[in-house]
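Single-letter residue listing:
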Amino acid sequence: WVDYETSGFNIYIALALKMLAQEVASSFSLMNLTNKIKEQRDFMECIIASVPSGLFATKMDGTIVSINSNAEILFNVNRKEVVGKPYMEVFPEKIASTIYTLRINAERTGGVSETEVEYEFSEGNILYLGINASIIYSESGKKLGYVIICRDLAISREVVKLRELDAMKNDFVSLVSHELRTPLSSIISYTELLLTPGMVDSPEESNEFLNIIFQEGHRLARLINDILDLSKSESGKMDYIFAPQDINSIAK
């Protein structure tokens, strides 16, 4: 066994142990900071990857520092091959020149610049892209680079079209409901009068009410037939009869 003498512990050993403890504490702090930075970087990469549009970021000199999978698919590039390269060498000339113009406009406005462009990603296949460029600033206000977002306008336009069609459908249903309710209300009202004892004074009045019911019934039938014809036309089941017609009678 080894005999440790307490008298061997002195101020120099204490200072050395203190410095060692500080180094260990610094190492643990650096490790924690490194892990936090890695977690934040991974989190940001997940956010970029989850953006439904094509997205990539560049430095101020145009070097690509990050690109998501949607942009890879959109422009048929590989992340490992394009990161670290100037975007002018990576993307098609039309897209690259558009981004260059957007970067200049963003510099002038100090914020975001956007435009629309047609992009033929393969023979006969054209995409209508909405592209915007935003300047990335540090907390101190220093310009770090740009983030470029490319979105397929066909999707957004289709959504707008569907919303317009949905609104038209609601208006149509409201209009048809009103048009159907009017003759139906007349039929019900005059029928109740005829069936209520003492409400009809003479056969002439009875015939008048029956005539109104007859006319409103025909009006209701015409409306229903128009709706059925519209449904057949939309489904492609409408039978058309083509024959010469007098334009004057139609135009009156």
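Residues numbered from 1 in each chain as written. Predicted model: local features only at pLDDT ≥ 70, side-chain atom pairs only at ≥ 80, totals over all residues. Heavy atoms only, no water.

**Quick notes on the nonpolar core**
One broad rule of soluble globular proteins: the nonpolar side chains tend to lie buried together. Applicable threshold: In this description, a nonpolar core means a group of buried Ala, Val, Leu, Ile, Met, Phe, Trp, Tyr and Cys residues linked to one another through side-chain atoms lying within 4.5 Å. Whether a residue is buried, partly exposed or exposed follows from its accessible area with a 1.4 Å probe, protein chains only, as a fraction of its type maximum: under 20%, in between, or over 50%, in that order. Only runs of H or I of at least four residues qualify as helices and only runs of E of at least two qualify as strands under DSSP, and these elements are numbered from the N terminus. In what follows, a contact means two residues having at least one pair of non-hydrogen atoms within 4.5 Å.
Of all hydrophobic cores here, the largest spans 26 residues; its most connected members are F75, F91, I95, I99, L129, I131 and I148. If you list the elements that add at least two residues to this core, you get β2 (64-67), α2 (69-75), α4 (87-90), α5 (93-109), β3 (112-122), β4 (125-137) and β5 (143-152). Leave out the neighbours within four places in its chain, and I148 touches G54, L55, F56, I99, I131, N132 and A133.

**Let's talk about the packing of aromatic side chains**
What counts, and what does not: The aromatic pairing rule takes the rings of Phe, Tyr and Trp, using the six-membered ring of Trp, and pairs them if the centres are within 6.5 Å, calling planes under 30 degrees apart stacked, those over 60 edge-to-face and the rest tilted.
Here the structure, examined in full by the defined rule, presents three aromatic pairs. Judged by centre distance (5.0 Å) and plane angle (70°), the ring pair of F75 and F91 falls under edge-to-face. With F75 in helix α2 and F91 in the loop between α4 and α5, the pair connects residues that are 16 residues apart, well separated along the chain. Accessibility expressed as a relative area gives 5% for F75, which makes it buried. A relative accessible area of 5% means that F91 is categorised as buried. Among the aromatic residues, those joined into a ring-pair cluster are F56, F75 and F91.

**Regarding unusual backbone geometry**
Not every positive phi belongs to a glycine, and N76 is a case in point at roughly 55°. Here N76 shows up in the loop between α2 and α3 (79-82). Since its relative accessible area comes to 71%, N76 is described here as exposed.

**Quick look at α5**
Basically, it comes down to this: A helix is expected to reach a length of 1.5 Å times the quantity of its residues less one. Arc definition: it is the arc formed by the directions from the helix axis to the C-beta atoms.
Under the 1.5 Å per step criterion, the end-to-end length of α5 is 24 Å for 17 residues, consistent within 8% with the ideal 24 Å. Restricting attention to buried positions, one finds in α5 the residues I95, A96, T98, I99, L102, R103 and A106. The buried residues of α5 occupy an angular sector of 160° when projected down its axis, which confines them to one face. Of the exposed residues in α5, those oriented more than 90 degrees away from the buried face are E93 and R108. One or two steps after α5, the chain reaches G110, where phi turns positive at roughly 75°.

**A few points about the pattern of salt bridges**
Going by this rule: Each salt bridge in this description consists of a side-chain nitrogen of Lys or Arg and a carboxyl oxygen of Asp or Glu lying within 4 Å of one another.
Applying the stated criterion across every chain yields a total of three salt bridges. Among the salt bridges present, the one from E107 reaches K143, with a minimum N-O distance of 2.7 Å. Here E107, found in helix α5, pairs with K143, found in strand β5; they are 36 residues apart in sequence, far enough to count as distant. Residue class for K143 comes out partly exposed when judged on its relative accessible area of 34%.

**Examining helix α7 (residues 203-235)**
Given a rise of 1.5 Å per residue, 33 residues ought to cover 48 Å, and the 48 Å separating the end C-alpha atoms of α7 matches this to within 8%. For α7, the full list of buried residues reads S206, F209, I212, I213, E216, L220 and L223. Two residues or fewer past α7, G236 is found with a positive phi of approximately 80°.

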